[in-house]
Structures are given as C-alpha cells and as structure tokens.
Amino acid sequence: MSGPGFFLVGATHHTAPLEVRERLALDSEAEAALGLELSGLRELREFAMLSTCNRVEFYGVGADDGAAARVQAAFCARQRFDPVEFEKFRLRLHGRDAVQHLLEVSSGLDSQMLGETEIFGQVKAAYAAAQARGAAGPLLNRIFQKAFQAAKHVRSHTAITAGQVSVSNVAVDLAQNIFGNLAHARVLMVGAGEIGEKTARAFQSRGALALTVSSRSSERAMELAGKLGGSALPFDQREARLAEFDVVVCSTAAPHAVLSLAAAEAAMRRRPTRPLFFIDLALPRDVEPAVADLENVFRYDLDDLARIADRNRASRESEIARCRALLAARTDVLWRQVEPLLAHRTANPAAGISGCPV
Amino acid sequence: MFSVLTDRQWLWLAAGCYLAGFLRGAWSVMRGERPSSGVTYGIVAAGYVLQYVGLYLRGRADGGCPLGNTFEMLQFVAWSAITLYLVVGVTFRSSLLGYFTSGLGAFLTLASLSIRSWDQTRRVHIFGANPWIELHAALALFSYGVFGLLALTSVLFLLRNYSLKAKHLDGWFSFLPSIVDLDHIGLRLLGTGVALLSASLAVGTVYWLRDTATVNKVTLLITVGVWAAYAATLALRLGGRLLSKRFAWTCLALFAAALISLGPVDASRHPTLAASREAAR
C-alpha cells in the first residue's frame, strides 16, 4: 500500500472476464448512488468514475493511504460483490502509474479493440459527471484535461486509430474509398442474417440513408428493413434492379452464387458512370468472382475483408510501443506538475469534496 | 521593391517552394503519414506569390503577358495549374492533390529554369498593341494549366483504381481521395479547361478574321487540334462512352501531347521583335 495521493482502483477486461465485468458494471442509478456515497468520504478529496462494458475504474485523490481501499469497499458493497473475490480481479495503481494508465485509457491503448475512439468520449463523460457532482477539483481537472490532450496528440501523430479492425467497418471504409460521402449511396443488402444486419448498421452509422433488403425469406427481409428504416426488395428482382444500387452487401446462405456476371454487366450498361461495389460476406460466395474484372466494378469477399482487418490490427499493434513512449513522456511532464500540488492538496484536511473548486 | 532580385531569381525561389512542398509530401508519405493539407497549401501558396512576382517583373519588362519563349510559357502553365489548385485544393481538401501539384509545379519551373537555351532569346511585344490577342494567348495557356491539374487528378484516379482493384489499401494509398470524388474533380477540370480554351479560340478567331494574313497556320492547327481533342473527350465522357481508366489515360496522354505541342507553337511564331534577354532590358 502506498501513501496518500492520486490513485486508481477498478477492474478491466485485462483483469476480469466478461461474466465478472457484467456483475461489476454500474448502471446509471447505481453510479449516482455510489457517487453520492463517495462524496461523503472524508479521506477522498476528488474522484471520477469510469464505467464501460470493458472497465469500471475509480480515479481519486486521497488524503491518506486508506482512501483507495474505502472506495473499493464502497463499490463492492454497492454491487454486492464479495470483497475477497474482487481482490482477484482488481487493478490498483498509484501516483505516476495511475496517471499513465488514464492517458493510455483515453488514447484507446488499453481498449479491447486497440485504438478505438469511443473510449475517449466515455472518459470525457466520466469527467463531466465528476464535475457535475462537484467531485473534480484542481488535480483531476488538470490530469483529465492533459489526458484528453495526450489522447488527441497520439491519435493525430501515430497510426493507432488507422484503418478499421472489424469486417463490417472495413467494408464501409472501402465503400467510402469508392464513393466518398455515403449519404447518397444506395445500399442493397442481399440476405438478412446477423452479419448483414451488422454491416447495414455500420453503413448507417457512417451516413448511408438508402438501405434496401432482399432475402429469400420475404418476411425476414421486411423485418430487417423495418428495423433499419429501409425498404424491402423481392428476392427474384435482385438482379433485374441491380443498376439502382451502388453498394451490394451479400450474406445469404445460398449454396451457389445469387448474383451473376451477366447481371453485373447488364447493370453497368445502365449506369456506366457510377461504380458498383460488391461486398460478398457469404460462404459459399454469393457473387460470381468474374465481376471483379469489369471496369468500374469492385468486389471484395470475406477473405479480402478479413485480411485488411488483420493488417490494420497488426499496424495498430506495431504502434503500441511508440504510443507508450509518447504518453510516458507526457506523463512525466504532467507528474512533475501535479506532484507538488498533490502534496498540498492531500495535506489540507479542510479541502473535502464539497470545497473543491470545479 | 521587387527589384532587389531579378525575375529569374524570384522564379528560382518559387521553384524552391514547390520543390519543398513536394519533398515534404514525399517524406510524409514515405513515413506512412498523410501530408498536412494546411502546410502543403501554405508552401504552394508561398511559391505562387513568389512566382507571381517573377512573372510580374517579366511582364512589366515585356509590356504584356510574359509568353515570349518556351521558358515563359512553361512558367505560365505551372502558374495557371497552381492558381487552379489554390481554389480546387481547398474545395476537395485533398492533401495528395497538393503534393502532386507542388510536384508538377517543381517539375515545370525547375525544368524551364535549368534549360538555359529556352530563355536565351525572347520575343517582346509579341502581341503588338492588341490586347485581345494577348488575352487569347493567356487564356489558351491558362487552360493548359487546368489540363495539367486534370492530368494530376487522372494519375490519382489511376492509383486509386489500382489500389481498389489490387486490394492494396494501406500505406499511402489510404490518403487518396475516393474514386467518385476524383472522377467529379476530373470532369469539372475538363469542363473548365475546354471552356477556357474555347473562349481563347473565340477571341483569337475574331482577331484573325479581321486580318487573315497574320494567321500562323501551325499555331492555329495545333491550338484547334488540342481544343478538338479535349472537346471530344468531354463529349465522350458526358455521353458515358469514355469512362474510368480510359478517361484518365486519355487525359494524361492529351496533356503530354499539349505540352509537347508548345515547342512547335513557339518555334513557328513570327516575332515582331527578336531580342536577347539582355537587349530586352
């Protein structure tokens, strides 16, 4: 156990399996109640709570070396989690190490999907919540602000966020390489399975508005079209109306190709100036491979997408050391600024959370 | 104020800026980083201002547009291409277009500065006192600058098409604009270039009809030939008959032919006053 100062206590996907994280996750009600409870701890000067599907973490400034333990006890009690069992999964860091951890978390370096940027927004939200409850004081303010700056720096100066690492997002990236803005791209989903839906949602999240679903089961097509806010196309019209679409995502379980070379040629004759992009996620493949030889037609299958995702993942992993070095340098500078303030803050018994300047 | 340096010295400085923009972009690309749009734009804009000063000094000495020899014509084509980039580059926010444009600017300006024979003699007062024929020549060469930028866009298109077909999307291929955006840029540039060249020909026609004896048949033939080739390309593209890679290759080949044609055009002109550069001063 170390002395008073800045600490982190919690559990992450590195230390706890999914079934444990499910039990540790704080819903908004529990978070509010726990926040209120922690605000009453005399030995806790400042604190912030970060709860996502991959981590629950408490960052705090303690007046004595028992502060982290009290936060941990309060959390376990709130979640009705055995404190002895929690010890097996918990992560506890102090001082400079805790600061570096926050910088790495904010940068997506500690994320399960390396380099993802959603965590940045989650850390910002956690900090905003701490400010709102009056639990963020001068130290957390500085540490979190610097963490955000560091995350932005790492994102813009390294390739840690470069390329997509999931098959559906790689497919959408490719579509953007062809069409640019997807707002005007017309997307046809051939097959209404899980991977098709996931890809359709990825397209929607990046601006695609016109989604059409075609499936051998018309009920399933209508159901998915309804969920996506799109329209359904009878399966037997998929080839005849191919020219109406820019992106065709295929994911049927058909034992043979459902989109032929002849259909693609006919479609391109009707729309020669606009590219046609086939994303074939099916096994066996839904689109005849020869369509890739047509001018202005692009075709990627599952292997192609997986290869790109793997390459992007490897590329991100190769950036880890560089990112850590960048963050370590920033942590050192920040720690040199914060440490003297920390000594003053933890030594001042009058400076409880209620007295924190926000 | 500008006479602290000679016109060629200003133009050397401009060429240095374009080269710096190109080398900086190449360095970023080799390191796997996207060339900064803002920095590239700034370097190219600085080169543009310096080149403007150099061409202004030339023009002042000539008493007109500096189009008196191959050196000046290439400088003017480079300047025109950069002018367009400074407008188009911002619109499309394509850092690679800036990188390629600075490369084209560096190539044209350095080549023209390095080959001394292109600037040994220059025709002054080539347009006489007729501002319309000067406008005709300036518009024609400005359109060549537009076609230069179109050629660069075509290179980007071919690279993007290759990367998508060959499934090589990482590294610097990832910095390329989308294929549809490049196609749109290309079409707009082609339309702009054809419009400028058409306007140039219209102005020239009015002048020539008044005084057919002054018509230089070689110049006329080449200018009309270049215009017809680009106009036909535009018509075929709009009609959906010349698309994608074939369109890009055609634009590249036409620009190469247009550049090469500047030599015969320059050589065929009948100078009203031939003089060495020094004599012109």
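Owing to the predicted nature of the structure, the values given are computational and were not obtained by experimental measurement. Residues take numbers from 1 onward in each chain, read along the sequence in its written order. Working convention: letters from A go to chains and numbers from 1 go to ligands, in the order in which they are written. It should be noted that, the model being predicted, local features are given only for residues of pLDDT at least 70 and side-chain atom pairs only at 80 or more, the latter also being counted only at that level, while totals for whole chains, interfaces and linings use all residues.

Caption draft 1: A look at the overall build of chain A. Each helix and strand in chain A was counted, giving 13 helices and ten strands. Across its three principal directions, the C-alpha atoms of chain A cover 80 × 40 × 35 Å. In chain A, of all internal contacts separated by at least 6 residues, the share reaching a separation of at least 24 is 72%. The secondary structure listing takes helices from DSSP runs of H or I that are at least 4 residues long and strands from runs of E that are at least 2 residues long, numbered from the N terminus. Our contact criterion uses C-beta atoms placed from the backbone: two residues qualify when those atoms are within 7 Å.

Caption draft 2: The overall build of chain B, seen in detail. Looking only at helices and strands, chain B has nine helices and two strands in total. The N-to-C order of helical and strand elements in chain B reads α-α-α-α-β-α-α-α-α-β-α. Expressed as a percentage of its 281 residues, the buried residues of chain B come to 44%. Within chain B, contacts between residues at least 6 apart in sequence are counted, and of these 82% link residues at least 24 apart. For the exposure call, what matters is how many other C-beta atoms sit within 10 Å of a residue's own: 20 or more marks it buried, 12 or fewer exposed, and in between partly exposed, using C-beta atoms placed from the backbone.

Caption draft 3: Summary view of the interface of chain A and chain B. Contacts between the two partners involve 17 residues from chain A, matched on the other side by 14 residues from chain B. Within the residue set of the side of chain A that touches chain B, elements represented by two or more residues are α8 (167-179) and α12 (302-317) of chain A. Under the scheme applied, nonpolar residues are Ala, Val, Leu, Ile, Met, Phe, Trp, Tyr, Cys and Pro; charged residues are Asp, Glu, Lys and Arg; polar residues are all the others, including Gly. Of the residues assigned to the side of chain A that touches chain B, the class counts are seven nonpolar, seven polar and three charged.

Caption draft 4: The confidence of the model for chain A, seen in detail. Think of pLDDT as the predictor's per-residue confidence, scored from 0 to 100. Confidence in the prediction for chain A averages 91 pLDDT; 95% of positions are at 70 or higher. Counting interchain partners and residues more than four positions distant, the pLDDT-below-50 stretch residues 354-358 of chain A has twelve contacts.

Caption draft 5: A look at the domain arrangement of chain A. Residue ranges assigned to each domain were obtained from an automatic or database domain assignment. Parsing chain A into structural domains produces domain 1 (5-160 + 319-349) and domain 2 (167-312). For domain 1 of chain A and domain 2 of chain A, the distance between their C-alpha centres works out to 42 Å.

Caption draft 6: Structural context of the nonpolar core. Linking buried Ala, Val, Leu, Ile, Met, Phe, Trp, Tyr and Cys residues through C-beta atoms within 7 Å yields a set, and such a set is a nonpolar core. Among the nonpolar cores identified, the biggest contains 130 residues, and A:Ala175, A:Val187, A:Val248, A:Cys250, A:Ile279 and B:Leu141 are the most heavily contacted of them. It is helix α5 (residues 131-166) of chain B that contributes the most residues to this core, 17 residues altogether. If you look at the next biggest cluster of nonpolar residues, it comprises 49 residues, including A:Val99, A:Ile119, A:Leu327 and A:Val338.

Caption draft 7: Layout of α5(B). Residue count minus one, scaled by 1.5 Å, sets the expected span of a helix. If you check α5(B), its first and last C-alpha atoms are 52 Å apart, about what 36 residues at 1.5 Å a residue would give, namely 52 Å. After α5(B) finishes, the residue B:Lys167 shows a positive phi value of roughly 65 degrees.

Caption draft 8: Examining unusual backbone geometry more closely. The linkage connecting A:Leu283 with the following residue, A:Pro284, adopts the cis geometry, with an omega of -5 degrees. Mapped onto the fold, A:Pro284 is located in the loop between β9 (276-280) and β10 (297-301). Backbone geometry at B:Lys167 places phi at a positive 65 degrees, although glycine is not the residue there. Structurally, B:Lys167 is set in the loop between α5 and α6 (179-210). Residue classification places B:Lys167 among the partly exposed residues on the basis of 15 C-beta atoms within 10 Å.

Caption draft 9: Broad picture of the sheet that holds strand β7 (residues 231-232) of chain A. Residue and element names in this part refer to chain A. Criterion used throughout: strands pair if DSSP finds at least two bridges between them. Spatial strand order, β7-β6-β5-β8-β9-β10: six strands in an open sheet with parallel pairing. Pairing within the sheet leaves two strands with one partner each, and these edge strands are β7 and β10. In this description, a line fitted to the C-alpha atoms serves as the axis of each element, helices being fitted only across the stretch in contact, and the angle between N-to-C directions of two axes falls anywhere from 0 to 180 degrees. Its contacts with the sheet place α12 against β9 and β10, and it is angled at close to 75 degrees to β10.

Caption draft 10: Structural view of the environment of A:Arg299. Residue and element names in this part refer to chain A. Residue placement: Arg299 occurs in strand β10. Of the residues examined, Arg299 has 25 C-beta atoms within 10 Å and is grouped as buried. For the pair Arg299 and His344, spaced 45 residues apart in the sequence, the C-alpha separation amounts to 63 Å. Here Arg299 is in contact with Phe278, Asp280, Val287, Val291 and Ala292, once residues within four sequence places are set aside.

Caption draft 11: Structural context of the environment of B:Leu149. Residues and elements named next belong to chain B. The topology assignment puts Leu149 in helix α5. Separated by 38 residues in sequence, Leu149 and Ala111 place their C-alpha atoms 18 Å apart. Setting aside chain neighbours within four positions, we find Leu149 in contact with Ala81, Leu84, Tyr85, Val88, Thr101 and Leu189.

Caption draft 12: Focus on the confidence of the model for chain B. Residues and elements named next belong to chain B. The predicted model of chain B has a mean per-residue pLDDT of 84, with 88% of residues at 70 or higher. Looking at the elements of chain B, mean pLDDT is at its lowest for strand β2 (residues 274-276), recorded as 44, and at its highest for helix α7 (residues 217-238), recorded as 92. Taken as a whole, residues 270-281 scores under 50 in pLDDT and shows 20 contacts with residues more than four places along the chain or in a different chain. Among the prediction metrics, the complex's ipTM stands at 0.77, with pTM recorded as 0.74.

Caption draft 13: Region of interest: the sheet that holds strand β4 (residues 91-94) of chain A. Residues and elements named next belong to chain A. In spatial order, the strands read β2-β3-β1-β4; together these four strands make up an open sheet with antiparallel pairing. Since the sheet does not close on itself, it has two edges, and those belong to β2 (44-52) and β4, each with one partner. Within the sheet, the average angular offset between the axes of one strand and its neighbour, ignoring direction, is 15 degrees. By the bridge criterion, eight bridges tie strand β1 (residues 5-12) to strand β3 (residues 55-62) in an arrangement that is antiparallel. Bridge pairing in β3 places Phe7 opposite Gly60.

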